[in-house]
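Breakdown of the fold
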Amino acid sequence: MKNIRHILSKEFKSYFIAPIAYIVIAIFLLITGWFFFSTFFLYNQASLRNFFGLLPIIFSFIVPAVTMRLFSEEIHAGSYEILMTLPLTFGEVILGKFLAAVAFVLVMLLPTLSYAITVTLLGRLDIGPIVGGYIGALFLGALFSAIGLLASALTRNQIIAFIIGTGICFALTLVDKMLFFLPESLLGVLEYIGADFHFQNIAKGILDSRDILYFASASFLALYGTRLVMQGKK
Amino acid sequence: MIKVENLTKYYGEICAVNDIGFEIRRGEILGLLGPNGAGKTTFMRILTCYLNPSAGTIQVKDFNIREHPLAIKKLIGYLPENAPLYPDMLVFDYLQYVADIRGLDRETKRRRIDQLAATCSIQEVMHQPIAELSKGYKQRVGLAQAMMGDPEILVLDEPTSGLDPNQIIEIREIIKKIGKEKTIILSTHILSEAEATCDRVVIIHKGRIVADSPIEDLKQSLGKESVIALAFRNGDFAAVQNTLSRIAGVAAVEKAEGGDGVLAVNVTCKTGEDIRDLIYRSIRAQDWLLLEFVQQTRSLENIFRELTREK
């Protein structure tokens, strides 16, 4: 447990040593802020539905940008060799890096609370969907972080890791939007696979165990895949 | 301390380490020699539990690399080739991170970092980013991280590669200092380094061990024939060959590369006989103008080249 904390702390600090963290956070806030406020006054509703509606698409390329370096950079630079010969287990390394990415997503989401505060000042805000939206955003961020981590473990090239991660995250976000192309028998399964479908359920303010189970199991699968990739490198 | 048994490692079809076996005693400084691609780094990576072997095993004290990798990692400090560290981190932060992972408590950590900074002479760069360090300093920081957990075994892959002569001497001194207390396994291309620092060498070629013994024993066992290099002013090789071949104990007389107006000759002597006085008397009797008379000792370089020569 201590080792997970040490890796988490090191990785989290590394984000803020390089300018990448500030750039990613700035881009995230710029995009979400722009899309949210550009239509906010047209709808004339005190809700963050637009913000949470866009979040899965924005996370699909922002989160893989956050995670792309976690393994790729180490493998490329060779520091992976020292890391894996320190008295650490695969699980500790993976969880440390994963939690660092999730912590970063959390930090990235914090300034968006100002949107909620602004909306509260302008009208009566239903608190349920807001809390649900942020919990869902954290689940979604965790799932995409796990997928990004897997993509990062697959290659020594950060750009390729980013493309793989973004590709998978986009696919999971958009899969339930493409259902009209697909045979009826697959609809139920594909809808269940879609991350956006589960996220939007939680963002309505309803914490259903099926949605939580989806995020937990999908994140676990991605992290387990990362472990298999690391074992394969031995 | 370390027992390597029938160790084999394949990368796809390529056999990097081919059924090797040897033992390393406690407190020994073992040099792993071999040309590029011989399998030295692969062996070190298996020993440090970075790679799994395809067959065979390594026993470190009571632990087996397959069953107890974590226990072995605690016993070993490892410096890979070119010291791959985190360029963005400060030296101090990096050492602190390694100390945390190695499970050192706050007080021990502080003491250990101070001690290693002094041993590896990195005090003046402790608060600099690793990316800004010279190669020599990076190597020293790498050494410090390898020693952080006060491991019983140190594995150093080409610790002096790419360093300038002064840096090489400094790193060599540090290794010698550490070697008084630890078991050290180091790989190197620089044979003089192995001669200067190691108690014993293992020469690996194409994944197999071609020699394993203390350096002096190796020189003696392979150096049965000694060579005397001679140089004459305007000598006639046929006459020299004719005269010297008649001396009992001379195995061969061969022409060597000489300069302008200089005849260079190598006289190979049989099995350890010292016939220098006989050769000298023969030369003096002929009234040749002798410029050089050098008994060549077989260096580790010669032995290495002989053992790893492509057949």
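Residues numbered from 1 in each chain as written. Chains lettered and ligands numbered in written order. Predicted model: local features only at pLDDT ≥ 70, side-chain atom pairs only at ≥ 80, totals over all residues.

A short note on the overall build of chain A
In terms of regular secondary structure, chain A is built from twelve helices and zero strands. In sequence order, chain A lays out its α and β elements as α-α-α-α-α-α-α-α-α-α-α-α. Whereas a compact globule of 234 residues would reach a radius of gyration of roughly 17 Å, chain A reaches 18 Å, a difference of no more than 12%. By principal-axis analysis of the C-alpha atoms, chain A measures approximately 55 × 45 × 30 Å. (Helix = DSSP H or I, 4+ residues; strand = E, 2+ residues; numbered from the N terminus. Rg over C-alpha atoms; globule rule 2.2 N^0.38 Å.)

Details of the overall build of chain B
When its secondary structure is counted, chain B shows eleven helices and 14 strands. Since a compact globule built from 311 residues should have a radius of gyration of about 19 Å, the 25 Å found for chain B marks it as more spread out than a globular shape. Referenced to the eigenvectors of the C-alpha coordinate spread, the extents of chain B come out at roughly 80 × 45 × 35 Å. Looking at chain B residue by residue over its 311 residues, the buried ones come to 40%. When contacts within chain B are restricted to residue pairs at least 6 apart in sequence, those whose partners lie at least 24 apart make up 69%. (Buried ≥ 20, exposed ≤ 12 C-beta atoms within 10 Å, placed from the backbone. Contact = placed C-beta atoms within 7 Å.)

A few points about the nonpolar core
Within the largest apolar cluster, 136 residues are counted, with the highest numbers of intra-cluster contacts made by A:Leu143, A:Leu149 and B:Tyr94. Top element by residues in this core is helix H8 (residues 127–154) of chain A. It accounts for 14 residues. The next biggest cluster of nonpolar side chains, apart from the first, holds eleven residues, and it includes B:Ile228, B:Val240, B:Val250 and B:Val253. (Core = buried A, V, L, I, M, F, W, Y, C linked by C-beta atoms within 7 Å.)

Describing the interface of chain B and chain A
Taken residue by residue, the interface counts 19 residues in chain B and 18 residues in chain A. The set of elements that each furnish at least two residues to the side of chain B that touches chain A consists of helix H2 (69–75) and helix H3 (91–101) of chain B. Taken together, the residues that form the side of chain B that touches chain A break down as eleven nonpolar, three polar and five charged. (Nonpolar A, V, L, I, M, F, W, Y, C, P; charged D, E, K, R; others polar.)

A few points about the pairing of strand E4 (residues 55–60) of chain B
Residue and element names in this part refer to chain B. Examined bridge by bridge, strand E1 (residues 2–11) and E4 share five bridges and lie antiparallel to one another. Bridged to Glu 5 within E4 is Thr 57. As judged from the two bridges shared by E4 and strand E5 (residues 63–64), these two strands associate in the antiparallel manner. Considered in E5, the bridge of Val 60 is made with Phe 63. (Pairing = 2+ DSSP bridges.)

Remarks on the packing of helix H6 (residues 90–109) of chain A against helix H12 (residues 209–233) of chain A
Two quantities define a packed helix pair, namely the angle between the axes and the distance from one axis to the other. Residue and element names in this part refer to chain A. In the contact formed by H6 and H12, the axes pass within 10 Å of each other and the chain directions differ by 130°. In terms of their interaxial angle, H6 and H12 are classed as oblique. In the packing of H6 onto H12, the handedness of the crossing is right-handed. Contact residues: H6 offers Phe 90, Ile 94 and Phe 98, while H12 offers Leu 223, Thr 226, Arg 227, Met 230 and Gln 231. A per-class count over the contact of H6 with H12 returns five nonpolar, two polar and one charged. (Axes fitted to C-alpha atoms, helices over the stretch in contact; angles between N-to-C directions. Parallel < 35°, antiparallel > 145°, perpendicular 65-115°, else oblique. Left-handed = near helix turned anticlockwise from the far one by under 90°.)

Notes on the sheet that holds strand E14 (residues 290–296) of chain B
Residue and element names in this part refer to chain B. Spatial ordering of the open sheet is given by E12-E13-E11-E14, a layout of four strands whose pairing is antiparallel. Where the open sheet ends on each side, the last strands, each with one partner, are strand E12 (250–256) and E14. Each adjacent strand pair in this sheet contributes to an overall mean axis angle of 20°, direction not counted. Relative to strand E13 (residues 262–269), strand E11 (residues 226–233) is paired through eight bridges, and the arrangement is antiparallel. Its bridge partner being in E13, Arg 233 is matched across the sheet by Val 262. Against the sheet, helix H9 (residues 237–245) touches E11, E12 and E13, its axis set at about 165° to E12.

Remarks on the environment of A:Ile62
Looking at the secondary structure, you find A:Ile62 in helix H3 (residues 49–67). As for A:Ile62 and A:Leu221, which are separated by 159 residues in sequence, their C-alpha atoms are 21 Å apart.

Details of unusual backbone geometry
All names here are of chain B. The phi angle at Asn 82 is positive, at roughly 65°, despite the residue not being glycine. Within the secondary structure layout, Asn 82 lies in the loop between strand E6 (76–79) and H3. By C-beta crowding, Asn 82 is classed as partly exposed, having 16 other C-beta atoms within 10 Å.

What to know about the packing of H3(B) against helix H4 (residues 106–119) of chain B
All names here are of chain B. Viewed as axis vectors pointing N to C, H3 and H4 meet at an angle of 130°, and their least axial separation amounts to 10 Å. Here H4 runs oblique to H3, going by the angle between their axes. Note that H3 runs across H4; the crossing there is right-handed. Contact with H3, carried on its side by Leu 95, Gln 96 and Ala 99, involves Lys 109, Arg 112 and Ile 113 of H4 and no other residues of that element. Looking at the contact of H3 with H4, its residues break down into three nonpolar, one polar and two charged.

Some remarks on the pairing of E12(B)
Along any regular strand the residues' side chains alternate between the sheet's two faces. Residue and element names in this part refer to chain B. Relative to E13, E12 is paired through six bridges, and the arrangement is antiparallel. Bridge assignment links Ala 252 to a residue of E13, and that residue is Thr 268. Where E12 folds back on E13, the antiparallel hairpin that results is connected by five residues, among which Gly 261 adopts a positive phi of roughly 70°.

What about the domain arrangement of chain B?
The assigned domain composition of chain B is domain 1 (2–219) and domain 2 (223–308). Computed over C-alpha atoms, the centres of domain 1 of chain B and domain 2 of chain B are 42 Å apart. (Domains from an automatic or database assignment.)

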